[in-house]
Amino acid sequence: MEAGWGALMFRFLVVLFVASCGFGGSIIAAENGSAAQFVKEYQAFLGTVQETGVIHEFDLVAAPIQLSLGRGKPAMRWAYNGQVPGPTFRVKLGDRVKVTLTNKLPQATTIHWHGVRVPNKMDGVPFLTQTPVQPDKKFTYDFIPQDAGTYWFHPHVRSHEQVERGLFGVLIVEDENEPDYDQDIVWVLDDILTEEDGSFVDQFSLKILDTGGRLGNILTVNGSSKPVFEVRAGERVRLRLVNVSNARNFRLSIPGLNSSIIAVDGNLVGSLQQVDTFNIVPGNRVDIDLMVPLDFDGQTIDIANTFFHREAGGGAAEGPEVMARIAVKGQVKTVKTFLAPTRADIPDWKGALDIAPDFEFDFDTSLNFDALWTDKGFLSFTINNKVYGDHDITALKNGRFYRMRFTNGTGLYHPVHIHGVFFKVLARDGIPVNEPYFRDTALLDYDGSLEIGIVPADLGEWLSHCHLLEHAALGMKTTIDVTE
Ligand code: C2O
Ligand code: CU
């Protein structure tokens with residue numbers, strides 16, 4: 001049997017076609033990486049988890065509680081297990097986590113495991129991945145975290161209200177060989193909006209919303225204003241920062257202490273990053289390696305937020321505002337001199353910008369006249385001119401490389417978050433950047449743009465949204481559907 005020229009030629013063309021269209025549809029310069037190579041690099045970065053067989057069973061009861069905000073009368077907040085922030089769960093990579101949520105709130109709720117690659121049905125997005133948990137009902141989340149690092153959890157029903165009222169907690173997944181820090185501390189960064197008399201502003205109507213979202217007038221760390229943390233001179237401290245605020249960006253200054261960022265959104269970085277220029281937007285986690293100089297015994301260091309909100313009405317302070325203090329007392333006997341942890345397998349994805357974007361997402365606003373007769377806001381926050389519910393589903397194939405472009409038609413900033421995946425920022429506002437880490441939330445700046453590369457690795461329809469929670473509530477959400 002001989003295959004005719006026609007058939008051979010046809011097969012050759014099919015091969016050519018598949019080769020050029022398989023990954024994003026663009027042919028790129030040879031000295032740069034190819035989309036196929038980016039996929040391999042990302043999959044190697046993810047690795048595979050060895051299950052330990054250990055099961056952690058945690059209970060989370062979400063309920064209203066009276067809590068003092070430090071001044072004025074105690075405020076009614078909503079809390080997990082009676083505390084704001086909620087508990088910090090620590091597990092080892094490969095352990096199984098079972099969390100039973102009991103809803104004692106006057107509203108339905110869910111838990112979303114922010115940044116954790118969970119099975120789609122454990123992702124906590126109402127009506128997309130699960131039916132919301134009604135008052136007096138329970139739901140058990142059950143998953144094995146796939147990546148070590150600092151993560152957090154929060155409701156995904158009326159998040160702008162439920163998170164702001166106090167529902168959030170931290171999940172730490174430890175690697176088998178964690179560096180030997182003297183202290184491992186979590187700082188949950190937030191802001192609370194209070195009235196003159198110090199009481200909590202109990203108003204969550206989207207009708208009267210300030211478009212920049214809810215900015216508080218008291219900055220808090222772990223629920224209190226300007227708390228003091230004690231360290232000893234010579235200590236090595238791992239500080240895990242989590243921004244749980246609805247709308248506030250933080251940029252911290254840590255004067256005098258030898259400090260660098262070792263992880264972003266859970267993942268260790270490829271090279272150490274500077275703390276004082278880093279935007280910690282709502283949703284972000286940043287882990288810092290701190291070294292307290294030996295001659296600092298007896299000193300107190302102020303940690304201040306130096307980011308100022310353009311649109312922050314009366315809420316934000318005018319100068320750098322102190323968030324917490326570090327008091328140095330006593331000295332360690334042996335100073336730990338290990339190198340700050342980094343990982344060598346963060347690809348630079350050189351050439352990824354040469355690939356044309358597969359998808360564009362334009363973040364914008366439009367007037368909403370329905371607000372006259374509904375409970376909705378007068379401004380809709382849209383992605384490609386559509387609010388959530390009317391949105392177009394973005395279809396992605398598992399294990400392919402995609403380029404996405406986010407543009408911003410608003411004079412407001414938007415923390416872009418994608419569930420179920422890490423991505424890499426390739427350019428910001430048209431300027432190429434080489435961030436040596438993957439993240440799950442990135443700042444789309446005032447009137448700016450964001451170019452990212454992404455390789456979906458988990459099946460299902462995942463939410464993607466602005467993590468400025470009021471914007472999300474007003475429609476700025478969409479979905480990506482990852483199929484085989
Ligand atoms: Cu922090 Cu959609 O979530
Ligand atoms: Cu936004």
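Residues numbered from 1 in each chain as written. Chains lettered and ligands numbered in written order. Predicted model: local features only at pLDDT ≥ 70, side-chain atom pairs only at ≥ 80, totals over all residues. Heavy atoms only, no water.

1. Topic: the overall build of the protein
Part 1: Along the backbone of the protein there are four helices and 29 strands.
Part 2: A compact globule built from 484 residues should have a C-alpha radius of gyration of about 23 Å, and the protein, at 23 Å, falls within 12% of that.
Part 3: Principal axes of the C-alpha set define a box for the protein whose edges measure 90 × 65 × 45 Å.
Part 4: A total of 484 residues make up the protein; the buried ones form 55% of that total.
Part 5: Across the protein, contacts joining residues at least 24 apart in sequence account for 77% of those joining residues at least 6 apart.
Part 6: Looking at the protein as shown, the accessible area adds up to about 20300 Å², and 53% of this sits on carbon and sulfur atoms.
Part 7: Of the side chains in the protein, 43 bear a positive and 61 a negative charge, and the two mean positions are spaced by 3 Å. (Helix = DSSP H or I, 4+ residues; strand = E, 2+ residues; numbered from the N terminus. Rg over C-alpha atoms; globule rule 2.2 N^0.38 Å. Buried < 20%, exposed > 50% of the residue type's maximum accessible area, 1.4 Å probe, protein only. Contact = heavy atoms within 4.5 Å. Areas by Shrake-Rupley, 256 points an atom, 1.4 Å probe, with all protein chains shown as cover. Lys, Arg positive; Asp, Glu negative; His and termini not counted. Charge placed at Lys NZ, Arg CZ, Asp CG, Glu CD.)

2. What to know about the domain arrangement of the protein
Part 1: Looking at the protein, the domain boundaries give domain 1 (44–178), domain 2 (179–338) and domain 3 (352–483).
Part 2: Taking only C-alpha atoms into account, the centre of domain 1 sits 21 Å from that of domain 2.
Part 3: Opposite the 30 residues of domain 1 that make contact, domain 2 presents 34 residues.
Part 4: Between domain 1 and domain 2 the total buried area reaches about 2700 Å² when both faces are included, carbon and sulfur atoms providing 56% of it.
Part 5: If you look at where domain 1 meets domain 2, you find four salt bridges.
Part 6: Close ionic contact of D202 with R165 constitutes a salt bridge, the shortest N to O distance being 2.8 Å.
Part 7: Seen at the junction of domain 1 and domain 2, the total is 11 residue pairs in polar contact (both at pLDDT 80 or more).
Part 8: Looking at the side of domain 1 that touches domain 2, the elements that each hand over two or more residues are β2 (75–80), β3 (88–92), β7 (149–154), α3 (159–162) and β8 (169–174).
Part 9: When its residues are assigned to classes, the side of domain 1 that touches domain 2 shows 13 nonpolar, eight polar and nine charged. (Domains from an automatic or database assignment. Buried area = accessible area lost by both parts, 1.4 Å probe. Salt bridge = Lys/Arg side-chain N within 4 Å of Asp/Glu carboxyl O. Polar contact = N/O pair within 3.5 Å; in protein donor to acceptor, adjacent residues only side chain to side chain. Nonpolar A, V, L, I, M, F, W, Y, C, P; charged D, E, K, R; others polar.)

3. Thoughts on the coordination of the copper ion (ligand 2)
As a benchmark, a tetrahedral metal site with four donors has ideal angles of 109.5 degrees, while an octahedral site with six donors has ideal angles of 90 or 180 degrees.
Part 1: Coordination of the copper ion (ligand 2) by the protein involves H414 (ND1), C466 (SG) and H471 (ND1), with metal-donor separations of 2.0 to 2.1 Å.
Part 2: Taking relative accessible area as the criterion, H414 reaches 0% and is therefore assigned buried.
Part 3: Assessed through its relative accessible area of 0%, H471 is described here as buried. (Donors = N, O, S within 2.8 Å, 3.2 Å for Na, K, Ca; no water.)

4. Quick look at the sheet that holds strand β15 (residues 267–273)
Part 1: Taken together, six strands build an open sheet; the order of strands is β10-β9-β12-β16-β14-β15 and the sheet is mixed. Whereas interior strands pair on both sides, the edge strands pair on one side only; in this sheet they are β10 (218–221) and β15. For this sheet, the mean inter-axis angle between neighbouring strands, taken without regard to orientation, is 25 degrees. (Pairing = 2+ DSSP bridges. Axes fitted to C-alpha atoms, helices over the stretch in contact; angles between N-to-C directions.)

5. Description of the pattern of salt bridges
Part 1: For the coordinates displayed, the defined rule picks out 31 salt bridges.
Part 2: A salt bridge links R405 to E360; the shortest N-O distance between them is 3.4 Å. One end of the pair, R405, is in strand β22 (residues 402–408); the other, E360, is in strand β19 (residues 359–367), and 45 residues separate them in sequence.
Part 3: Overall, the relative accessible area of 27% leaves R405 in the partly exposed class.
Part 4: Put simply, R90, K92, E174, E178, D184, R238, R240 and D287 are held in one network by salt bridges that share partners.

6. Quick word on unusual backbone geometry
Part 1: A cis amide bond links V84 to the next residue, P85, at an omega of -5 degrees.
Part 2: Within the element layout of this structure, P85 appears in the loop between β2 and β3.
Part 3: The phi torsion at F127 lies on the positive side, around 70 degrees, for a residue other than glycine.
Part 4: Relative to the assigned elements, F127 resides in the loop between β5 (112–114) and β6 (138–143).
Part 5: The phi dihedral of D136 is positive, around 70 degrees, even though this residue is not glycine.
Part 6: With respect to the helices, strands and loops of the structure, D136 is situated in the loop between β5 and β6.
Part 7: The class for D136 is exposed, based on a relative accessible area of 55%.

7. Topic: the side chain of S449
Part 1: Along the chain, S449 turns up in strand β27 (residues 449–454).
Part 2: There is a polar contact of 3.5 Å between the side chain of S449 and the backbone nitrogen of G430.
Part 3: Here S449 is in contact with F406, T407, A427, R428, D429, G430 and L444, once residues within four sequence places are set aside.

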